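Overview (structure and organization)
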Amino acid sequence: MDIQPLEILKWIGIVLAGGFVGYFGRYMAMLIIERVRRRRDRQSTVGNENSSKGAQDTSLEEKALKMEKKRAKAEFKSLKKKDRE
């Protein structure tokens, strides 16, 4: 088995280049993720400040919608049950 020094250097270079790309690619990805998290946190705090006034109204609307959905579902079930008989 005849291993040439140039072949060894080539593979060392490939491994080092792969490590370089892998490390800085991961570092860049972590920076991007952190930036997205900060932006999301900033938007959620602004959204919470704006929505705190209307939160009670929204929760009442949501409860009304849930009750309407439950009523419609029960009605559908009863109709389905009648069709089976």
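Before going into details, it helps to say that this report is about the structure given with it. (Residues numbered from 1 in each chain as written. Predicted model: local features only at pLDDT ≥ 70, side-chain atom pairs only at ≥ 80, totals over all residues. Heavy atoms only, no water.)

This paragraph deals with the overall build of the protein chain. From N to C terminus, the protein chain includes 2 helices and 0 strands. Counting across all 85 residues of the protein chain, residues that qualify as buried make up 0%. In the structure as shown, the protein chain presents an accessible area of about 8700 Å², 61% of it carried by carbon and sulfur atoms. (Helix = DSSP H or I, 4+ residues; strand = E, 2+ residues; numbered from the N terminus. Buried < 20%, exposed > 50% of the residue type's maximum accessible area, 1.4 Å probe, protein only. Areas by Shrake-Rupley, 256 points an atom, 1.4 Å probe, with all protein chains shown as cover.)

Quick look at the packing of aromatic side chains now. Applying the stated criterion to the full structure yields 2 aromatic pairs. Centre to centre, the rings of Tyr23 and Phe24 are 4.9 Å apart; their planes meet at 85°, and the pair counts as edge-to-face. On the basis of relative accessibility, which here comes to 52%, the residue Tyr23 falls in the exposed class. Aromatic rings pair up to connect Phe20, Tyr23 and Phe24 into one cluster. (Phe/Tyr/Trp six-rings, centres within 6.5 Å; stacked < 30°, edge-to-face > 60°.)

For the structure shown, the criterion picks out 3 salt bridges. For Arg71, the salt bridge identified is with Glu68, shortest N-O distance 2.5 Å. In this pair, Arg71 and Glu68 both sit in helix α2 (residues 55-84), 3 residues apart, roughly one turn of the helix. With relative accessibility at 40%, the residue Glu68 sits in the partly exposed group. Linking Glu75 and Arg71 is a salt bridge whose minimum nitrogen-to-oxygen distance equals 2.9 Å. Of the two residues, Glu75 and Arg71 are both situated in helix α2; the distance of 4 residues between them amounts to about one turn of the helix. The class of Arg71 is partly exposed, set by a relative accessible area of 44%. Within the structure, one salt-bridge network assembled from shared partners comprises Glu68, Arg71 and Glu75. (Salt bridge = Lys/Arg side-chain N within 4 Å of Asp/Glu carboxyl O.)

Any link to function would need more than the numbers given here.
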